[in-house]
Amino acid sequence: MEKIVEQGMLYDFYGELLTPHQRKIYEDVVIHDLSLSEIAKEQGISRQGVHDLVRRCDKILAEYEEKLKLVEKFHQTKKMVEEIRQITKEYQQTREQGLIQKIERIASQILEL
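About the thresholds
Residues numbered from 1 in each chain as written. Predicted model: local features only at pLDDT ≥ 70, side-chain atom pairs only at ≥ 80, totals over all residues. Heavy atoms only, no water. Helix = DSSP H or I, 4+ residues; strand = E, 2+ residues; numbered from the N terminus. Rg over C-alpha atoms; globule rule 2.2 N^0.38 Å. Buried < 20%, exposed > 50% of the residue type's maximum accessible area, 1.4 Å probe, protein only. Contact = heavy atoms within 4.5 Å. Areas by Shrake-Rupley, 256 points an atom, 1.4 Å probe, with all protein chains shown as cover. Lys, Arg positive; Asp, Glu negative; His and termini not counted. Charge placed at Lys NZ, Arg CZ, Asp CG, Glu CD. Core = buried A, V, L, I, M, F, W, Y, C linked by side-chain atoms within 4.5 Å.

J.: In this structure, what is going on with the overall build of the protein chain? I would like to understand it.
T.: Looking only at helices and strands, one finds six helices and zero strands in the protein chain. Each helix (α) and strand (β) of the protein chain, taken in turn from the N terminus, gives the series α-α-α-α-α-α. What you see for the protein chain is a C-alpha radius of gyration of 20 Å, clearly larger than the 13 Å of a compact globule of 113 residues, by over 25%. Expressed along its principal axes, the backbone C-alpha trace of the protein chain runs to roughly 65 × 25 × 20 Å. Counting over 113 residues, the protein chain shows a buried share of 29%. Of all intrachain contacts in the protein chain linking residues separated by at least 6 positions in sequence, the fraction that spans at least 24 positions is 52%. Summed over all atoms, the accessible surface of the protein chain reaches about 8000 Å², with 53% contributed by carbon and sulfur. For the protein chain, the centre of its 18 positive side-chain charges and the centre of its 21 negative side-chain charges are spaced 1 Å apart.

J.: Quick question: what am I supposed to make of the side chain of glutamine 7 here?
T.: In this structure, glutamine 7 sits in helix α1 (residues 2-14). The class of glutamine 7 is buried, set by a relative accessible area of 8%.

J.: I tried to follow the environment of histidine 51 on my own but got confused; where do I start?
T.: Position of histidine 51 among the secondary structure elements: in helix α4 (residues 47-68). On a C-alpha basis, the gap between histidine 51 and alanine 40 in space is 9.2 Å, while along the polypeptide they are 11 residues apart.

J.: Please clarify how the environment of leucine 111 should be interpreted in this entry.
T.: Along the chain, leucine 111 turns up in helix α6 (residues 97-112). Using a relative accessible area of 75% as the deciding quantity, one classes leucine 111 as exposed.

J.: Could you clarify how one ought to interpret helix α2 (residues 20-30) in this entry?
T.: Of the residues making up α2, those classed as buried are Gln22, Arg23, Ile25, Tyr26, Asp28, Val29 and Val30. Structurally, α2 contributes buried residues whose contacts are with α1, α3 (36-43) and α4.

J.: Would you explain the nonpolar core in this entry?
T.: The nonpolar side chains of a soluble globular protein tend to be buried with one another. Formed by 18 residues in total, the largest nonpolar core has its most connected members in Ile25, Tyr26, Val29, Val50, Val54 and Leu61. Only α1, α2, α3 and α4 provide two or more residues apiece to this core. Looking at this core, the element that brings in the most residues is α4, giving five residues. Ignoring sequence-local partners within four residues, the contact set of tyrosine 26 consists of Gln7, Tyr11, Ile31, Val54, Cys57, Asp58 and Leu61. The next biggest cluster of nonpolar side chains, apart from the first, holds seven residues, and it includes Ile84, Ile87, Ile103 and Ile106.

Here it is as C-alpha cells:
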C-alpha cells in the first residue's frame, strides 16, 4: 500500500512532465488500479510493455523528486503547519507570548523552503 501512496504522490507533483501516453498508462495502473493485462489489451501492447513503461515512469518520477525535492518540501511544510496548529491551540489556552515567537520562527522556515 505504501508504494501506491508514494507513486500517487510523485505522480501528483510530476505527472505532467510525463508524455501523454505515459500519463495514461501510469494513471490506469496507479490511480484507476487496472491490471497490467487490462491496460495491455486496451492499449494494444503487451503486458510486459505495460510493466516496463510503469517501471520506467517510476524511475523518471523518482529522478524528478531526487532533483527537485517537491514532495519532501511538501511533507516538511505539512509537518510545520501541524506544529503551528498545535502551538496556536496552546496559545489560546495560555496566552504565553513565547508561543507567538515559535509560530513566527516556523512561518519563516516555511517561507524559506
